[in-house]
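Here is how the chains run, residue by residue.
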Amino acid sequence: MHVEQISIFIENKFGRLAEVTRILGDAGINIRTLSLADTSDFGILRLIVNDTEKARAVLKEKGFTVSKTEVVAVEIPDRPGGLADILQVLDQDGINVEYMYAFVERCGGNAVMIFRFDETQKAIATLAGKGFNVLPGERLYCM
């Protein structure tokens, strides 16, 4: 149970982020969540969108370097210590978190964490076994 994420390599210059979001918006693609990591010269924009393949195609057509990655979405209580609980479970099983980012559902008392693991299937089995709700991608697209 994984989620498809696209990563876009963008130059760190005025207007590039706006250009990416405009291309996606004009194509009718909805951004569900994102993360941006940057240096002085470039950035990696990570997105979960409602139509991964269409997003990849329109961005590549416009000259962007785009890749697809599998990540894991996990629902956690939106309360103090919610993130610590899940990280402790992962730590106990020796699962490394390569990166993560989050968003909060429109309604409800939970947050959704997006994780990239070094051992995705082991992480999913561990989390599900400990009672965490690992979400399918389809659930994120219609929230």
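This text goes with the structure placed above it.
Described below are features of the structure shown in this document.

1. Quick notes on the overall build of the protein chain
Right, so step 1: Regarding its fold elements, the protein chain presents 5 helices and 7 strands.
Right, so step 2: Ordered by position in the sequence, the α and β elements of the protein chain form the string β-α-β-β-α-β-α-β-β-α-β-α.
Right, so step 3: Its C-alpha atoms give the protein chain a radius of gyration of 16 Å, within 12% of the compact-globule value 15 Å for 143 residues.
Right, so step 4: Dimensions of the protein chain, computed from C-alpha atoms along their principal axes, come out at roughly 45 × 30 × 25 Å.
Right, so step 5: Here the protein chain, with 143 residues, has 43% of them falling under the buried criterion.
Right, so step 6: Counted over contacts in the protein chain with a minimum sequence separation of 6, partners at least 24 positions apart contribute 69%.

2. Let's talk about the environment of Ala27
Right, so step 1: The topology assignment puts Ala27 in the loop between helix H1 (16-26) and strand S2 (31-38).
Right, so step 2: Once the C-alpha coordinates of Ala27 and Arg116 are considered, the two residues, 89 residues apart in sequence, prove to be 27 Å apart.
Right, so step 3: For Ala27, the contacting residues outside a window of four places in its chain are Lys54 and Val58.

3. Focus on the pattern of salt bridges
Right, so step 1: Inspection of the entire model under this criterion finds 8 salt bridges.
Right, so step 2: For the salt bridge of Arg16 with Glu11, the shortest nitrogen-to-oxygen distance reads 2.8 Å.
Right, so step 3: Note that Arg79 is salt-bridged to Asp85, the shortest N-O span being 2.8 Å.
Right, so step 4: The exposure class assigned to Arg79 is partly exposed, which follows from its relative accessible area of 42%.
Right, so step 5: Asp85 gets classed as partly exposed once you look at its relative accessible area, which sits at 33%.
Right, so step 6: Salt bridges linked by common partners bring Glu4, Glu53, Arg56 and Lys68 together as one network.

Reading the values: rules and limits
Residues numbered from 1 in each chain as written. Predicted model: local features only at pLDDT ≥ 70, side-chain atom pairs only at ≥ 80, totals over all residues. Heavy atoms only, no water. Helix = DSSP H or I, 4+ residues; strand = E, 2+ residues; numbered from the N terminus. Rg over C-alpha atoms; globule rule 2.2 N^0.38 Å. Buried < 20%, exposed > 50% of the residue type's maximum accessible area, 1.4 Å probe, protein only. Contact = heavy atoms within 4.5 Å. Salt bridge = Lys/Arg side-chain N within 4 Å of Asp/Glu carboxyl O.

It is worth stressing that arrangement in space is one thing and function is another; only the former is reported here.
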